[in-house]
Amino acid sequence: MNKGVIVLDNSKVNLRGKDVLALADFSKEEIQVILESAKEMKNIIHRDIKKVPALRGKSIVTLFYEPSTRTRSSFELAGKYLGADVVNITAGTSSIVKGESLRDTLYTVEAMGVDAIVMRHKAEGAAEYASKVASPVIINAGDGAHAHPSQGLLNLFTVQEHKGHLEGLKYAILGDITHSRVARSDIQGMRKMGVEVHLAGPRTLMPRFLFEEEGIVIHDNVEDAIKDADVINVLRIQLERQKAGLFPSPREYARIYGLNDKRLALAKKDVLVLHPGPMNKGLEISPYVAYGDHSAIQEQVQNGVAVRMAILTHALIGGNKA
Amino acid sequence: MKTLIKGGRVIDPANSFDKVADVLIEDGKIAKVAANIKSAADEVIEAEGKIVCPGFIDMHVHLREPGQEAKEDFESGSKAAAAGGYTTVATMPNTNPVVDTAALVRSLQKRAEDAAVVHVEIIGAVTKGQKGEEMAEMGDMTQAGAVAFSDDGHFTKSAKVMLNCYDYLKSFDKVIINHEEEPSLIEEGVMNESHRSAMLGMKGRPTVAEDIAVYRDIALAEYAGARVHVAHISSAAAVDLVRQAKKRGVRVTAEATPQHLTMTDDMVNLFDSSTKVNPPLRCQKDVEAVLEGIKDGTIDCIVTDHSPHAQEEKDREYIYAPSGFPGLETALGCLMTDLVAPGKLDMVTMISKLTAEPAKIFDLNAGSLSVGMPADITVIDPELEWTVDEKKFYTRGSHSPFIGRKFKGKAVKTLVDGKLVMDHGVVLEV
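This one's a predicted model, so the numbers in the text were calculated from it and none came from an experiment. (Residues numbered from 1 in each chain as written. Chains lettered and ligands numbered in written order. Predicted model: local features only at pLDDT ≥ 70, side-chain atom pairs only at ≥ 80, totals over all residues. Heavy atoms only, no water.)

Asker: Just give me the short version of the overall build of chain A, but keep the residues and values in it.
Answerer: Helix and strand counts for chain A come out as twelve helices and nine strands. Taking 20 Å as the expected radius of gyration for a compact globule of 322 residues, we find that chain A reaches 19 Å, a close match to that expectation. In terms of its C-alpha atoms, chain A occupies a principal-axis envelope of roughly 50 × 50 × 35 Å. When each of the 322 residues of chain A is scored for burial, the buried share is 59%. (Helix = DSSP H or I, 4+ residues; strand = E, 2+ residues; numbered from the N terminus. Rg over C-alpha atoms; globule rule 2.2 N^0.38 Å. Buried < 20%, exposed > 50% of the residue type's maximum accessible area, 1.4 Å probe, protein only.)

Given below as structure tokens:
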């Protein structure tokens, strides 16, 4: 790769102008192309001077209606490493608090000549709605419990980097599936790439009608899901769920569903442990596992920047040379 | 003043009448229904190839007065009714303020007289403020002319309050119309709980919430010997509960909407709140069960649950948008195109559920072409093909899931008390 120049291979797919709303909308080939590009992007992050002009002259707004540390800063840095101008709008410090509708906020952002809007919202479907309303590329950075496609992609990237392939792996997701956009994005992304998905958690946190489809297995105990797993993705458990009556106590959750050393030993020897963060250590995951040899949790954060650089580049300039 | 409607297929289910005939109207009343009426009429309406039937009755609409005129008012809502072939609509009391006193019932009757182009009946609240706590003055409202009572939109949490209301209302022989969804099971729910909601991550409103609500209210009505009308039934199990209760002789009746008879939650997408409605669009087996209920008489009438909202209220994130959409201008097209044309429902049954049966349940002086009845008449062109266009709506509501649908069959004339109020889609100024 020439220094400072990114050339994307668009011989197979061209994603220029495509909204990134959910992995359900992406083909296997499209996902592969993004993962390939992310490899190149990761090199840029490791450079002394982390700046390439691929998106110079492009402007990106991050529009966050929900708090976020890693996703927002990760998209912001991704844009900046690529030379784009990035502006952050958060709900608490904008005209959103004055009651401006989502449509009007989007129109305002669009009128400023923005090329992409990276959006986080607690309403399922908000990004889909935005894509119908506004003409800039919409990148969903999480909409309620529906989708978080960049997280799904960074999980795929991390797994592929470690395992060298995806097809045929056993991928376990533990915890609150019902309220998790990460789980839905994982299910969509992993299934597209031929990964077998195993789900386990309290039945109160498992969608009732997520009936078993090909390649998706629901378990009543975590041990069965973990057994011989290549990857375990541990989801964050929000303590409000206990208050809402969905499990008896944090203590029982940790004992019956938490990932600890003993349970981890049931998985394959080279098992990879993921967590989308932020963690509740001692609840869904023990600190020994979180910081142990199998954990790729910190690496996920770095890969998140690389994957988001790839997403922004594909969505904004597609196969064009920058 | 004499008007003669000539040569149409006259379908009058109340009198088991279905023949090509003429209808003579004299001074706003039905004077005669027979073949080849020879009478010097002031006005002749040619109806060859058309269906002539009693004007439609919709016992479940939201005309939003008082207080929510940005959504609808008696003028816009009654024009929508006339455009859809309706001559009588009953408006729900979930307004601001809630219609829970005789004074409010009377003021709305006066508004209807001044502003509405069709008959508007007033439904009073069952409990004060529809809060489900204290009984509203239902006796006083009955004497003021309230046609029925409902806390529509809400389920009365307290079984004791519900039983008291049933007992109290027995003396007045009025019906309570119940919205049946057990609240603790539908908190924050925005669509049917199903495979689709699981995939979309949206919170669900399960059928079991409707089932246990219907069961409770049937059990209480049975115990009290009172009447209950189940609003917009949508779940297969709930239909069966009503069926079994009717067999036991419980005084229960039920209604269903075109949306619950024809649409499933597969139509729910993430960006358009048009499909958001309570109860939510269900699964195929529920849709089939509701239709079966219509056919075997378990479900007595078809209503629209016409629930207009202001454009800006519906145009937003799905989960934040209010539930409901307008239905008066699309119901007939939907029923004829999706149910009658493919042979799932016969025309006479459809008309009966829109006329004779609601009139019987709510004791209305409407719904038949018997001599002496008010000449409320709808003329349908069964061959007319049209596309649902929001811009042509009389309702203020927007965001109907029917927008863009191509329908065959439409009301082309609506007469209220013998007077033409709608002609070929155009509502005439009164």
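Asker: Run through the interface of chain A and chain B, naming residues and quoting values.
Answerer: Taken residue by residue, the interface counts 20 residues in chain A and 15 residues in chain B. Of the roughly 1800 Å² buried at the junction of chain A and chain B (both faces included), carbon and sulfur atoms supply 61%. Summed over the three residues of chain A that lose the most area to chain B, namely Glu124(A), Tyr129(A) and Phe209(A), the buried surface amounts to 33% of that side. Inspection of the chain A/chain B interface yields two salt bridges. Viewed at the interface, chain B and chain A are joined by six residue pairs in polar contact (both at pLDDT 80 or more). For the side of chain A that touches chain B, the secondary structure elements donating two or more residues are helix 3 (102-111) and helix 4 (126-133) of chain A. At four residues, helix 4 of chain A tops the list of elements feeding residues into the side of chain A that touches chain B. Across the side of chain A that touches chain B, the residue classes tally to nine nonpolar, three polar and eight charged. (Contact = heavy atoms within 4.5 Å. Buried area = accessible area lost by both parts, 1.4 Å probe. Salt bridge = Lys/Arg side-chain N within 4 Å of Asp/Glu carboxyl O. Polar contact = N/O pair within 3.5 Å; in protein donor to acceptor, adjacent residues only side chain to side chain. Nonpolar A, V, L, I, M, F, W, Y, C, P; charged D, E, K, R; others polar.)

Asker: Report on the side chain of His121(A), specifying residues and quantitative values.
Answerer: Its location among the elements puts His121(A) in strand 3 (residues 116-121). Residue classification places His121(A) among the buried residues on the basis of a relative accessible area of 3%. Not counting residues within four places of it along the chain, the set of residues in contact with His121(A) comprises Tyr65(A), Glu66(A), Leu102(A), Ala126(A), Gly142(A), Asp143(A), Gly144(A), Arg181(A), Glu317(B) and Tyr320(B).

Asker: Which residues make up the environment of Gly293(B), and what values go with them?
Answerer: Residue and element names in this part refer to chain B. Mapping Gly293 onto the fold places it in helix 9 (residues 284-295). Judged by relative accessible area, which is 0%, Gly293 ranks as buried. Taking the C-alpha atoms as reference points, Gly293 and Ile233, separated by 60 residues in sequence, lie 9.7 Å from one another.

Asker: Lay out the packing of aromatic side chains with the relevant residues and their values.
Answerer: Two aromatic rings are characterised by how far apart their centres lie and by the angle between their planes. All names here are of chain B. All chains considered together, the criterion is met by seven aromatic pairs over all chains. Look at Phe56 and Tyr86: their rings are 5.5 Å apart centre to centre, the planes differ by 70°, and that puts the pair in the edge-to-face class. Taken together, the residues Phe56 in strand 6 (residues 56-61) and Tyr86 in strand 7 (residues 86-91) connect sequence positions 30 residues apart. Neither residue differs from the other here; Phe56 and Tyr86 are each classed as buried. (Phe/Tyr/Trp six-rings, centres within 6.5 Å; stacked < 30°, edge-to-face > 60°.)

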